[in-house]
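Survey of secondary and tertiary structure
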Amino acid sequence: MRTLVAKGPQPLAPAHLRRRAAAAPPPRCHLVLLDTSGSMRRGGRLARAKGVAAWLVAQAARHGDDLGLLAFGGAGLQWLIAPGPARRAAAVRLPPLGGGGGTPLAQALAAAEPVLQRHPGAWLWLLSDGRCPGEPPAPRAAAQVVVVDHDDGPVAIGRCAAWAERWGARCVPAHQIQGERR
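Small disclaimer: the values here were computed from a predicted structure and weren't measured.

Scoring rules and cut-offs
- Each chain has its residues counted from 1, running along the sequence as written.
- Local features are withheld for residues below a pLDDT of 70 in this predicted model, meaning they are given only at 70 or higher, and side-chain atom pairs are given and counted only at 80 or more; totals for whole chains, interfaces and linings count all residues.
- Hydrogen atoms and water are omitted, and side-chain values are computed over all heavy atoms in the structure.
- Helix numbering and strand numbering both begin at the N terminus, where a helix is a DSSP run of H or I of at least 4 residues and a strand a DSSP run of E of at least 2.
- The quantity called the radius of gyration is restricted to C-alpha atoms. Its globule counterpart is 2.2 Å times the number of residues to the power 0.38.
- For two strands to count as paired, DSSP must find a minimum of two bridges between them.
- In this analysis an axis means a line fitted to C-alpha atoms, helices contributing only their contacting stretch, and an angle means the value between N-to-C directions, from 0 to 180 degrees.
- What makes two residues a contact is simply this: any of their non-hydrogen atoms within 4.5 Å.

**Some remarks on the overall build of the chain**
- Secondary structure assignment for the chain yields four helices and six strands.
- The secondary structure elements of the chain, listed N-terminal to C-terminal, are α-β-α-β-β-α-β-β-α-β.
- Relative to the 2.2 N^0.38 estimate, which gives 16 Å for 182 residues, the radius of gyration of the chain is 21 Å and therefore markedly larger than a compact globule would have.
- Overall size of the chain, expressed as C-alpha extent along the three principal axes, is 75 × 35 × 30 Å.

**A look at the sheet that holds strand 2 (residues 66-73)**
- Taken together, the six strands give an open sheet; going across it, the order is 3-2-1-4-5-6, and neighbouring strands pair in mixed fashion. Of all the strands in the sheet, just strand 3 (76-85) and strand 6 (170-173) have a single pairing partner and so form its edges. Along the sheet, successive strands turn relative to each other by an average axial angle of 15°, direction set aside.
- In the sheet, strand 2 pairs with strand 3 via seven bridges, with the strands oriented antiparallel. Residue pairing for strand 3: D66 is matched across the bridge by P85.
- Strand contacts of helix 4 (residues 159-167): strand 4 (123-128), strand 5 (144-149) and strand 6, with the helix running at about 170° to strand 5, the strand carrying the most contacts.

Put into structure tokens, the structure is as follows:
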């Protein structure tokens, strides 16, 4: 409309064109919860989960999104990457990460909640084999929840799929995660 007003009765010329710069969408926040418990050490699950986490870091950096990565296991909770602008270089913290012990998933979800509340529209990515005691509470403040199921052993217990169904989330087998973003 502004172009037509500037043009008036004259023939259209480049000087008449009026454009508004397209506003860049705000960065999306991705919060990755990485299970580093003892059961994740079996069968290379933790190595594959770290690969998925590194891929998520790279994707978030490529899209200019924010990302935080919280590891949870026998050593407790550890922010490997504090929530903020994603940087590919941050993935170097993943290879030396070990695992073992229990699975404090409920504590990890509780620690994630304030971060999710500060970032409306945030995505929560849970990378786990689902082998933990009890029923974890559903994440409330996440706009999207993706449970990446690493329970690929000969006797899968199916907890990740059950959590996703109960939470209204998506459950994706770990081997299918590349290409799942957005």
